[in-house]
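One letter stands for each residue in the lines below.
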Amino acid sequence: DAVFELHKTVVLVGMMGAGKTAVGRALAARLGVPFLDSDAEIESAANMTIPEIFERDGEPFFRAKESQVIGRLLDAEKGILSTGGGAFLSELNRQMITERGVSVWLRADLKVLWNRVKHKDTRPLLRTADPYATLRALYEARVPVYAQAGLTVESDGETSIENMVDRVVNA
Ligand code: S3P
């Protein structure tokens, strides 16, 4: 097996449902490098789920934690870091990620994203009267920011996780 030494942490960014966690975990396994996940880290540090954190402490508190955790994970060890969908929207986070890592946008169409998130209740931002409209509004606002990532990898509805891993490795 090839031993892979990363010079920078590879940071996966993009919308909810893009596959950041699934692709990140598989990519880390493929390369034999650590898998880091900012949402999971926030949850275990707080001993609460993301919806609970949003409900009890509010989104600004979550965003502050998210920046702290991303900074810490970028310092800790080189690996694959999956971030929450809002992480790259913060200028501070973008700066940290760009300076200390390499960002990869997992780009997917709105329809693909919707099909992946519509059955789940784990995204507090989508707990609205019209979650599809909310997702669309977030999508439209965020795409220009994700487009600033160093690399873009397409995530369509049909591609398997392993094929996505191939695409990221090739990119
Ligand atoms: C968020 C996405 C979520 C999580 C939080 C906020 C967002 O992560 O960080 O609910 O702002 O898009 P995923 O992208 O893993 O769903």
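Residues numbered from 1 in each chain as written. Predicted model: local features only at pLDDT ≥ 70, side-chain atom pairs only at ≥ 80, totals over all residues.

- If you look the protein up in an unreviewed UniProt entry, it shows as Shikimate kinase from Ruegeria atlantica.
- Database annotation for the protein, UniProt heading Sequence similarities (unreviewed entry): "Belongs to the shikimate kinase family."
- You can read under Function (unreviewed entry) in the UniProt record for the protein the words "Catalyzes the specific phosphorylation of the 3-hydroxyl group of shikimic acid using ATP as a cosubstrate." (UniProt positions renumbered as here; feature names shortened; annotations may be inferred.)

Focus: the UniProt feature "binding site: Mg(2+)" (unreviewed entry) in the protein
Okay, step 1: The residues that UniProt annotates with the feature "binding site: Mg(2+)" (unreviewed entry) are Thr21.
Okay, step 2: Inspection of the secondary structure puts Thr21 in helix α1 (residues 20-31). (Helix = DSSP H or I, 4+ residues; strand = E, 2+ residues; numbered from the N terminus.)

Quick word on the nonpolar core
Okay, step 1: Counting 37 residues, the largest nonpolar core has Leu12, Val13, Val104 and Leu106 as the members making the most contacts within it.
Okay, step 2: Of all the elements in the fold, those that place two or more residues in this core are β1 (9-13), α1, α4 (59-76), β3 (80-82), β4 (101-107), α6 (110-117), α7 (131-146) and α8 (161-170).
Okay, step 3: In terms of residues, this core owes the most to one element, α4, which gives 5 residues.
Okay, step 4: Apart from the residues within four sequence positions on either side, Leu12 is in contact with Lys20, Val23, Gly24, Ile80, Leu81, Ser82, Thr83, Val104 and Leu106. (Core = buried A, V, L, I, M, F, W, Y, C linked by C-beta atoms within 7 Å. Buried ≥ 20, exposed ≤ 12 C-beta atoms within 10 Å, placed from the backbone. Contact = placed C-beta atoms within 7 Å.)

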